[in-house]
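Observations on the model geometry
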Amino acid sequence: MAVHISRRTDRAAAAGFGRRAGYAAALLPVALATAGLVVAGRADRAREWWARVGEEDPAAAARRPGAGRLLVHALVCVPLGLIALVPVGVELLSVLRGVLYPLVESGPYDHSWGGPTLAGAWAAHFLVSLPFAAAGLGALGLLHRLYHRLAGGLWGRRVGLRPVLALLVTALACAVLVVAWTHQL
């Protein structure tokens, strides 16, 4: 019986992690859409979206955010959404260069990792992409956690300075990474 319960909680935890990573990946479009909703006079709908993304219960919140607070929150979430594009890009490259390697690289495979055969090159690129895919998902999970900490102010919780500093340091690190990566292209 204990094994059955453990498997169920493991699946629930994995599903919850996947959901949170998906919410983090969608932060930029949600931030832009909720800003548009607030400007269009649909603050109630924007509040529902932010509650879903932050996994909040609006009925249990200490504060019901108004239109101004929702708009400021959406604008604060734009940098988080831009940061989320980095691990989303890692996930995309992991699929394209790992799983779909034969479709993006036509050969010859003499100088490819795992070459000279297509099967060897595909296997090598797929195996190399797995840790990067895991790191990308982990980064998205951490971004959702940071979002949840920052969103506490929206719902009446004390935020503190550490999540704000974490956002600034992460944004700076991502900017340096993106600039360095584009220069090596």
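Before going into details, it helps to say that this report is about the structure given with it. (Residues numbered from 1 in each chain as written. Predicted model: local features only at pLDDT ≥ 70, side-chain atom pairs only at ≥ 80, totals over all residues. Heavy atoms only, no water.)

A closer look at the overall build of the protein
- Within the protein, the regular secondary structure consists of 7 helices and 0 strands.
- Against the compact-globule benchmark of 16 Å for 185 residues, the protein has a radius of gyration of 20 Å, which places it well outside the compact range.
- With respect to the principal axes defined by its C-alpha atoms, the protein has extents near 60 × 55 × 30 Å.
- Across the 185 residues in the protein, those meeting the buried criterion constitute 31%.
- Counting contacts in the protein only where the partners sit at least 6 residues apart, residues at least 24 apart contribute 64% of the total.
- For the protein, the exposed surface amounts to about 11,100 Å²; the carbon and sulfur share of it is 69%.
- Here the protein carries 18 positive and 9 negative side-chain charges, and the mean point of each set is 10 Å from the other. (Helix = DSSP H or I, 4+ residues; strand = E, 2+ residues; numbered from the N terminus. Rg over C-alpha atoms; globule rule 2.2 N^0.38 Å. Buried < 20%, exposed > 50% of the residue type's maximum accessible area, 1.4 Å probe, protein only. Contact = heavy atoms within 4.5 Å. Areas by Shrake-Rupley, 256 points an atom, 1.4 Å probe, with all protein chains shown as cover. Lys, Arg positive; Asp, Glu negative; His and termini not counted. Charge placed at Lys NZ, Arg CZ, Asp CG, Glu CD.)

A word on the packing of helix α2 (residues 27-39) against helix α4 (residues 67-99)
- One way to put it is that α2 packs onto α4 with a least axis distance of 7 Å and a crossing angle of 160°. Relative to α4, the element α2 lies roughly antiparallel. The hand of the α2/α4 crossing is left-handed. Two secondary-structure elements touch here, α2 through Leu 27, Leu 28, Ala 31, Leu 32, Thr 34, Ala 35, Val 38 and Val 39 and α4 through Ala 67, Leu 70, Leu 71, Ala 74, Cys 77, Val 78, Leu 80, Gly 81, Leu 82 and Leu 85.
- Tallied by class, residues from the contact of α2 with α4 come to 16 nonpolar, 2 polar and no charged. (Axes fitted to C-alpha atoms, helices over the stretch in contact; angles between N-to-C directions. Parallel < 35°, antiparallel > 145°, perpendicular 65-115°, else oblique. Left-handed = near helix turned anticlockwise from the far one by under 90°. Nonpolar A, V, L, I, M, F, W, Y, C, P; charged D, E, K, R; others polar.)

Some points on unusual backbone geometry
- Although it is not a glycine, Glu 55 adopts a positive phi angle of roughly 50°.
- Topologically, Glu 55 is positioned in the loop between α3 (43-53) and α4.
- With relative accessibility at 34%, the residue Glu 55 sits in the partly exposed group.

Observations concerning the nonpolar core
- If you look at the biggest cluster of nonpolar residues, it comprises 30 residues, and the most contacted ones within it are Trp 50, Val 53, Leu 70, Leu 80 and Tyr 147.
- Listing elements by their share of this core, those giving two or more residues are α1 (2-25), α2, α3, α4, α6 (118-151) and α7 (162-184).
- Among residues more than four places away in sequence, those in contact with Trp 50 are Leu 27, Val 30, Ala 31, Thr 34, Leu 70, His 73, Ala 74, Cys 77, Tyr 147, Leu 154 and Trp 155. (Core = buried A, V, L, I, M, F, W, Y, C linked by side-chain atoms within 4.5 Å.)

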